[in-house]
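Observations on the three-dimensional arrangement
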Amino acid sequence: MISGPGMTKYNHWIMSDESYNPAETEPKWREYWISNHLHEARDDDPRPKYYCLDMFPYPSGSGLHVGHWRSYVLPDCWSRYKRLQGFNVLHPMGWDAFGSPAENDAIQKGIHPRVGTQRNIENFKRQLHEIGAMYDWSREVNTTDPDYYKWTQWIFVKMFKAGLAYKTYMPVNWCPSCKTGIANEDVVNGRCERCGTEVTKKELNQWMLRITKYADRLLEGLQKLDWPEKVKTMQTNWIGRSEGAVVTFTAIAADGTEHPLKIFTTRPDTLFGATYMVMAPEHPLVPELTSPAQARNVQAYVETVKHEKDIDRAANIEKTGVFTGAYALNPVNGEKIPIWIADYVLMAYGTGAIMAVPAHDERDYEFAKKFGLEIREVISSKQGIDKEAFIGEGTMINSGQFTGTPSDEGRKAIVRWLESKELGSATVNYKLRDWVFSRQRYWGEPIPIIHCSINCGLVPVPESDLPVQLPDVERYQPTGTGESPLAAIKDWVNVKCPNCGNPAERETDTMPQWAGSSWYFLRYASPKAKDALITEKGKEWLPVDLYVGGVEHAILHLLYARFYTMFLHDIGVVDFDEPFERLFNQGMITHVGKSGKAEKMSKSKGNVVNPDDLVRQFGCDSLRMYELFVGQPELDAEWNDHGIEGVYRFLKRAWHWTLMHNGRWNASPPREMLVQRHLLIKNVTERLETFRMNTIVSSFTVEAFLVAIAPFVPHFAEELWQRTGHQPSIFLQKWPKWDEAYTTFDTVTVAVQVNGKLRGTVVVKAEAPEESVLEAATKDPTITRFLDGKQIRKKVYVKNRILNLVVG
RNA sequence: GCCUGGGUGGCGGAACUGGCAGACGCACCGGACUUAAAAUCCGGAGCCCCGCAAGGGGCGUACGGGUUCGAUUCCCGUCCCAGGCACCA
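In short, a report on the structure. Keep in mind that this is a model prediction, so the values were computed, not measured.

1. Some points on the protein's contact with RNA strand B
Around RNA strand B, the structure places 55 residues, and the nearest of them are Thr-266, Lys-319, Arg-363, Arg-801 and Asn-804. Counting only atoms of RNA strand B within 4 Å of the protein, the sugar-phosphate share comes to 56%. Between a base nitrogen of RNA strand B and a main-chain N or O atom of Leu-346, the distance comes to 3.0 Å. With six residues, helix H20 (residues 643-661) is the single largest residue contributor to the surface near RNA strand B. Each residue belonging to the surface near RNA strand B can be placed in one class, and the counts come to 19 nonpolar, 16 polar and 20 charged.

Pasting the structure below:
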């Protein structure tokens with residue numbers, strides 16, 4: 001700050017101990033809150049509980065930027081508000097600390113993931129501290145802590161015992177050069193991000209979780225949740241329930257052998273329109289059905305698809321496929337139709353084969369046009385099928401005994417007929433697939449299973465032996481066989497079978513990062529419990545009342561967490577089956593960087609704004625307030641580098657205003673002031689309740705009121721609270737209530753329109769009847785100018801708002 | 001291609017259930033204070049047109065229609081931007 005002999009009188013006043021100096025007051029109050037345990041949630045507190053949860057972060061090396069800040073400030077503001085409302089608030093924080101960046105650092109720089117992670121956590125914690133949030137650090141959890149992942153493993157063992165965890169061969173993205181499986185996000189344009197080699201597929205024996213068993217419950221549970229409709233829609237589409245039928249066709253190979261070929265269809269009513277069949281290229285029957293004449297083509301196609309499958313393909317890709325040389329018999333009419341393979345049929349959905357009805361399916365239509373296959377209309381429609389497939393409902397035609405039936409009835413009739421002949425059955429299908437739970441990586445929870453090849457097969461580690469600790473390794477590099485680095489530690493791998501005592505081997509796959517984050521919200525309730533995942537006392541905190549985080553987790557994380565909770569409910573660990581009653585999605589902060597466009601902040605785009613500098617210059621409270629002011633919380637907002645100066649100026653004004661008026665507050669205030677005060681409280685309360693924080697901050701400029709602004713600028717409020725002669729902490733106060741009597745005005749300004757155009761305003765008594773407004777309006781020359789010589793044909797009056805006169 | 005959001009001044013963004021569009025802030029302009037600057041305080045402003053001025057008029061919420069006394073808000077169509085998903089039978 002400026003000082004010295006050149007200081008003016010006014011500067012001197014700024015420099016006095018009344019000046020707003022956040023650098024001095026903010027650390028003081030943070031320390032006060034901590035040493036007085038004000039943010040710790042007590043189990044035995046008699047107040048009603050409120051659990052406000054932030055999505056816990058992955059502690060990355062690059063630290064927080066102002067975009068991250070936004071997602072922590074809103075829930076903190078809300079938590080403080082709930083505290084002032086008299087709730088016993090649990091607002092915890094922790095670390096989702098397993099994950100590949102730490103492992104990559106280990107490979108590239110030789111830093112032990114545990115060491116690197118610990119260092120990042122410390123930096124994150126320091127930065128989070130500057131937010132001034134009321135986190136209860138006594139409940140901090142860390143997914144990489146053995147005391148924590150003991151329970152991550154325990155849940156897996158329970159799932160295994162319940163038949164929800166199983167092993168199967170699944171294709172993974174495989175880089176032939178790195179000799180390792182890689183995640184989808186590390187495949188860029190079909191190539192390995194690290195070495196640029198073309199990625200292919202490799203079948204690996206993988207652990208799977210049977211999430212599909214919960215598909216219906218995951219779908220139905222959505223109905224009772226207070227979540228954004230957008231997220232519910234995304235989850236609904238992801239689960240993708242569709243009703244239809246499985247129908248068995250008879251496939252005849254070139255050598256005359258017959259194989260049942262099952263297909264799934266949502267339109268059994270179009271069965272008579274099937275003119276060919278398509279199998280996924282990976283379908284197990286493909287080799288058996290392919291004729292010698294077609295073998296070369298088929299093999300070549302299958303090979304191409306292996307490479308193409310996960311490549312980002314352009315929007316309007318052309319259909320491809322080849323004929324297998326085999327035919328199938330349609331069960332409804334015995335007709336012989338050709339069997340093709342094509343990549344537009346996916347092995348992972350339905351049965352991996354379809355009957356193609358080009359007249360009534362867009363994709364089949366396109367395919368049939370390209371390869372000159374027959375298109376047969378079986379549902380009548382006005383538009384016909386000359387230009388495109390007709391996919392709507394209509395009357396069945398060319399359909400044997402079913403001709404003339406409306407398609408929706410026909411659907412059921414055909415299924416009944418198929419069932420009676422044992423040729424098919426009504427079936428519900430889901431897009432949702434089982435969850436690939438294996439990772440061939442080091443930095444994750446070891447899957448607690450022992451392979452006993454002599455007697456017992458797959459044996460879970462006894463619960464009393466948990467956790468299976470992650471051992472130190474010499475090398476973090478992949479083994480090249482597709483196994484995790486753990487496979488190289490022989491004295492860790494080799495164990496005795498807990499069942500029969502014979503030599504056996506540990507599972508060397510680890511769990512995905514999702515594992516630890518699927519249940520962490522439960523652990524905050526009793527983070528130190530030794531003998532149970534959650535204590536009886538801890539259960540009282542649950543479920544989470546409000547969950548705040550980015551919309552990018554709308555599907556996977558939230559679905560997995562719901563699945564885990566349902567399972568834990570089923571085995572009696574918790575007594576509810578939906579973990580998050582209310583969900584709020586933050587928008588992200590965009591900023592102009594090198595590209596010249598406003599984009600999401602990231603180091604590579606060079607558009608990151610560091611909060612540390614802003615906190616130093618303007619204080620934490622200014623940044624908090626600007627983060628809330630910047631725009632509607634659920635929408636993205638663009639960062640304005642100078643915007644924070646506005647809130648800083650406001651806080652300075654409010655600071656001096658408060659100190660100037662101190663001591664004069666108890667004088668009986670005039671009604672004018674009471675109205676201002678009650679309106680402010682009403683506004684802030686109502687807008688907080690609907691999360692419209694950005695519009696509240698604007699209304700403060702009317703008049704600052706310490707308790708009402710405390711959730712937004714806690715240090716500021718706390719400091720002034722004390723300076724105005726009160727005992728800290730302000731957060732022990734009650735949220736103020738407003739009185740309707742003071743939120744109404746004696747007079748109102750009514751807008752007067754003529755033919756829908758604003759021509760003036762009149763001030764009348766509140767609740768005034770139409771006649772008195774009209775009377776006032778017809779006395780106002782600025783309005784009567786538009787009425788002269790014309791007749792009022794119609795009057796529309798909305799009380800206290802508007803009078804519209806239609807003249808002509 | 002499909003799904004989901006979104007498009008309002010120079011900029012970020014307000015506007016409760018259809019009722020005074022542009023709150024609040026940034027940037028800008030003018031004034032006060034200052035030797036000067038910064039800071040602070042007061043005032044101004046959507047755009048276009050007429051007028052010396054006081055003032056007056058027109059147009060305006062991506063674009064084109066519609067419903068209505070009245071539309072940023074509701075309906076139909078088009079364009080653009082962002083995010084997500086990849087042919088789900």
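Additional details are given in the paragraphs that follow.
2. Topic: the nonpolar core
Soluble globular proteins tend to bury their nonpolar side chains together. In terms of nonpolar packing, the biggest core is built from 86 residues, with Leu-533 and Tyr-564 touching the most fellow members. Other than its neighbours up to four places away in sequence, Tyr-564 contacts Ile-155, Met-159, Leu-209, Trp-435, Phe-437, Ala-515, Ser-518 and Trp-519.

3. Thoughts on the sheet that holds strand S2 (residues 88-90)
The four strands are arranged S2-S1-S24-S25 in an open sheet whose pairing can be described as parallel. Two strands in the sheet have a free side with no partner beyond their single neighbour: S2 and strand S25 (583-586). Across the sheet, the mean angle from the axis of one strand to that of its neighbour is 20°, orientation sign disregarded. Relative to S25, strand S24 (residues 546-550) is paired through four bridges, and the arrangement is parallel. Across the sheet, residue Gly-549 finds its bridge partner in S25, namely Asn-585.

4. Description of empty space enclosed by the protein
Any empty space left between atoms is shown by rolling a water-sized probe over those atoms. According to the stated counting rule, one finds four cavities of 30 Å³ or more in the structure shown. Put simply, the largest cavity is a space of about 80 Å³. The wall of the largest cavity is formed by Glu-103, Ile-107, Thr-180, Gly-181, Arg-194, Gln-440, Arg-441, Tyr-476, Pro-478 and Pro-485. Secondary-structure elements contributing two or more residues to the lining of the largest cavity are helix H4 (100-109) and strand S6 (180-181). For the lining of the largest cavity, the residue count by class is four nonpolar, three polar and three charged.

Conventions and cut-offs
Residues numbered from 1 in each chain as written. Chains lettered and ligands numbered in written order. Predicted model: local features only at pLDDT ≥ 70, side-chain atom pairs only at ≥ 80, totals over all residues. Heavy atoms only, no water. Near = heavy atom within 4 Å. Polar contact = N/O pair within 3.5 Å; in protein donor to acceptor, adjacent residues only side chain to side chain. Helix = DSSP H or I, 4+ residues; strand = E, 2+ residues; numbered from the N terminus. Nonpolar A, V, L, I, M, F, W, Y, C, P; charged D, E, K, R; others polar. Core = buried A, V, L, I, M, F, W, Y, C linked by side-chain atoms within 4.5 Å. Buried < 20%, exposed > 50% of the residue type's maximum accessible area, 1.4 Å probe, protein only. Contact = heavy atoms within 4.5 Å. Pairing = 2+ DSSP bridges. Axes fitted to C-alpha atoms, helices over the stretch in contact; angles between N-to-C directions. 1 Å grid on protein atoms, 1.4 Å probe; cavity = no way out; pocket = protein on both sides within 12 Å on 5 of 7 lines; lining within 4 Å. Points joined across faces, edges and corners; volume = space filled by probe spheres on them.

So, to be careful, I would describe these as geometric facts and stop short of saying anything about function.
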